[in-house]
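# Residue-level structural notes
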Amino acid sequence: MSKNKGECDGWMLDGINRIGMHEWEVPVGYVAGMRVPGRFFLSESLGKTLEPGAVQQLANVATLPGILKNSLAMPDIHWGYGFPIGGVAAFSIDEGIISPGGVGFDINCGVRLLATPLLHKDVAGRRDLIDELFRMVPTGVGAKSALKVSHHVLEGMMVKGAQWAVKAGYGVDRDLSRCEEGGFMKDADSQAVSAKAKQRGIPQGGTLGSGNHFLEIQVVREIFDPGAAKAFGLTLGQVCCMIHCGSRGLGHQVCTDHLKELESATKKYHITIPDRQLACAPITSPEGRSYFGAMAAASNYAWANRQMISHTTRQVLSKMFGIEYEDMPLIYDVAHNVAKMEEHVLDGKRVKVCVHRKGATRAFGPGTRDLPPDLTSFGQPVIIPGSMGTSSFVLHGTQVAMDRTFGSTCHGAGRIMSRTQAKKTLSGREITANLLKDGIIVRAHSENAIADEAPNVYKPSDEVVNVVHEVGISRLVARLSPLGVIKG
Amino acid sequence: MRMSFEEISHTADVKIRVHAPTLEALFSETFKALMEVMYGPHRTGDILRVIRIESSDNESLLADFLSEVLFISEVEGLVFSEACIRIDGLCLTADITGELFNPARHSGGSEVKGISYSGLAVTHDTNGYMLDIIFDV
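On a predicted model such as this, the values are computed, not experimentally measured, just so you know.

## Overview of the nonpolar core
Across soluble globular proteins, nonpolar side chains have a tendency to be buried as a group. Of all hydrophobic cores here, the largest spans 162 residues; its most connected members are Met295(A) and Val394(A). Per-element accounting of this core gives the leading share, 14 residues, to helix H10 (residues 286–321) of chain A. In contact with Val394(A), not counting residues within four places along its chain, are Leu113(A), Phe232(A), Leu234(A), Ile331(A), Pro381(A), Val382(A), Ile383(A), Val477(A) and Ala478(A). If you look at the next biggest cluster of nonpolar residues, it comprises 40 residues, including Phe5(B), Val37(B), Ile134(B) and Val137(B).

In structure tokens:
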């Protein structure tokens, strides 16, 4: 592909310009009030999946005060609410805003990968393993935890996140060095979390939730970067466990509560927004600080939650296969719905900015702070889940991402089919049978939950990661394929 | 005018279009749509909860009402079936009835994380009221 800057392609939406291989610009003026251009990454083969509504949302974000460089979207871009899914935007601390529309209801929805010493042959066809994980990890609508979470415990989860969980016995110290932010955001303010949100959080510690959340047993099928794979702890044929979930009802309520407060703040600070879901406040305002503190507390709850689910998973694997808890190290844990205060280089100067990632993953490059010493020369591990029947990937962060996307990359495959359409065209029973033919065991509380998340409702995950790899905002390390999955 | 709600295509989430002759009926149908998305069609019961909400406009009134339904449903483990709604200006009172969550009958839906304001607009013409609303699932 060798198109020049500004040149259009027949398959792309009108008004959008190609500026590089897989890179597109939404010019200022695409919607009224844009302060900076929009930029997104997409290959021609993924082009047919691009929805006009998603581009409109990308452009809407570019109208927000204090936005820096570009409103960005990754190749898993799709139509959401507020920001598009796959959206990234950084804001000036002094002049910029913070918005729940750039984070979403499921604050710190994220994904982690646990390694095991098991090989494919050890777990192939082991329905009893999937059944036991399904029995032990609460999943689905209405699921409640068997764990007793007191108000004191909840406070620990909100303030110290995964660090609280490890101290409480739900993991080992090394886990924390393998979590983004060390497993907790230090600016959490549990006082900014409402009593309602806390009430929702108490019964749900250690639960997976529903929708696209899952726990999956996978096998490493391909290594692209042997050096990075070795440093991360991945080997060919190794069995791993991927966990995808977020902050549950506590996070949902934090978003609901603060969205309402920020609606008033939007008017108070005379901010014009093109979509009510982009309600926002200056980062330094009392309303902005309150949202950030509550969002950080919900993020910490999510890290604690994933840590607790990891603990249950390790206990199941330990009991069934006689392996040691410590022999199941955490490869890494990433957040993909979050706003963070981070330092980035702008015009040659290192400055603190507020980065929103809504369905996007941090992908810090080599030498970046917040990486453990043994990973610093490789960059941050990036965990990208596929759909039930398709591959997941491990990549590493890059300097290109630091330079161009505020250290960000894609977060997953990205939906292309609505749930309505999925239910009309695919039966949960047929999907389960087809996956079983490929050696993949699926457990869920309902057939609808399986039909909703069938492999073909998502963009092909390999095409999405190929784009970020070729653009260079993260680079492929390993491919994993599913052996068994429990669905939320 | 016949009351109705229908799910219309939305890639990431659930988008519902509702028609109703009155504002109260519009809210009631949207409430039923929310419960059906979450718990499926097999809902009944007579456990009563009363919700009182005051908001700044009709859209906020609806979003706040549905958010309160989500909260009660989750913390009390209740699945609601009917709503009797009274609206006076921008004040809403709703008597909602339902039953305890039963995994055998209520596990077929999708957990709704929140009520989105994106594209939410209550419109009114000679045929009655209409809205589109997105539930984050």
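More follows now that the structure is in view.
## Some points on unusual backbone geometry
All names here are of chain A. Positive phi is not limited to glycine here, since Asp 347 has a value of about 50 degrees. Following the sequence through the fold, Asp 347 ends up in the loop between strand S12 (337–346) and strand S13 (349–358). C-beta crowding within 10 Å serves as the criterion here: with 6 such atoms nearby, Asp 347 is assigned to the exposed category. A positive phi is found at Asp 370, a non-glycine position, where the angle reads about 85 degrees. If you trace the backbone, Asp 370 turns up in the loop between strand S14 (361–362) and strand S15 (381–384).

## What to know about helix H13 (residues 428–437) of chain A
Residue and element names in this part refer to chain A. Residues of H13 that are buried: Gly 428, Ile 431 and Leu 435. Each buried residue of H13 lies within a common arc of 60 degrees when the element is viewed along its axis, so the set occupies one face. Pointing more than 90 degrees away from the buried face of H13 are the exposed residues Arg 429, Ala 433 and Lys 437. Where the residues of H13 are buried, they touch strand S18 (441–443) and helix H14 (447–452). The positive-phi residue at the C-terminal boundary of H13 is Gly 439, with phi of around 85 degrees.

## Points about the interface of chain B and chain A
Interface size is commonly expressed as the accessible surface area that is lost when the partners come together. Tallying the contact residues gives 30 residues for chain B and 36 residues for chain A. By residue class, the composition of the side of chain B that touches chain A is 11 nonpolar, 13 polar and six charged.

## Focus: the sheet that holds strand S5 (residues 91–100) of chain B
Residue and element names in this part refer to chain B. A sheet is described by the order of its strands in space; here three strands give the open sequence S3-S5-S4, paired in antiparallel fashion. Either end of the sheet is taken by a strand with one partner, and the two such strands are strand S3 (47–54) and strand S4 (78–88). The sheet shows a mean angle of 20 degrees between the axes of neighbouring strands, taken without regard to direction. Helix-sheet contacts for helix H2 (residues 58–76) involve S3, S4 and S5, and the interaxial angle to S3 is about 145 degrees.

## Details of H10(A)
Residues and elements named next belong to chain A. The terminal C-alpha atoms of H10 lie 52 Å apart, and with 36 residues this matches the ideal 52 Å at 1.5 Å per residue to within 8%. For H10, a buried count of 28 out of 36 residues is recorded, marking the element as mostly surrounded by other parts of the structure. Gly 322 occupies a position one or two residues after H10 and carries a positive phi of about 65 degrees.

## A short note on the confidence of the model for chain A
Here chain A averages 94 in pLDDT, and 98% of its residues register 70 or above. Segment residues 1–7 of chain A is flagged for pLDDT under 50; beyond a separation of four residues in sequence, or across chains, it makes six contacts in the model.

## Some details on the sheet that holds strand S1 (residues 17–20) of chain A
All names here are of chain A. The mixed open sheet is built from seven strands, whose spatial order is S1-S2-S3-S4-S5-S13-S12. Across the chains shown, the open sheet's two edge strands, defined by having one partner strand only, are S1 and S12. Neighbour-to-neighbour, the strand axes of the sheet open up by a mean angle of 45 degrees, direction not taken into account. In the sheet, strand S5 (residues 83–92) pairs with S13 via six bridges, with the strands oriented antiparallel. Its bridge partner lying in S13, Ala 89 is registered against His 356.

Definitions and cut-offs
Residues numbered from 1 in each chain as written. Chains lettered and ligands numbered in written order. Predicted model: local features only at pLDDT ≥ 70, side-chain atom pairs only at ≥ 80, totals over all residues. Core = buried A, V, L, I, M, F, W, Y, C linked by C-beta atoms within 7 Å. Buried ≥ 20, exposed ≤ 12 C-beta atoms within 10 Å, placed from the backbone. Helix = DSSP H or I, 4+ residues; strand = E, 2+ residues; numbered from the N terminus. Contact = placed C-beta atoms within 7 Å. Arc of directions from axis to C-beta. Nonpolar A, V, L, I, M, F, W, Y, C, P; charged D, E, K, R; others polar. Pairing = 2+ DSSP bridges. Axes fitted to C-alpha atoms, helices over the stretch in contact; angles between N-to-C directions. Expected span 1.5 Å × (residues − 1). pLDDT = per-residue confidence, 0-100.

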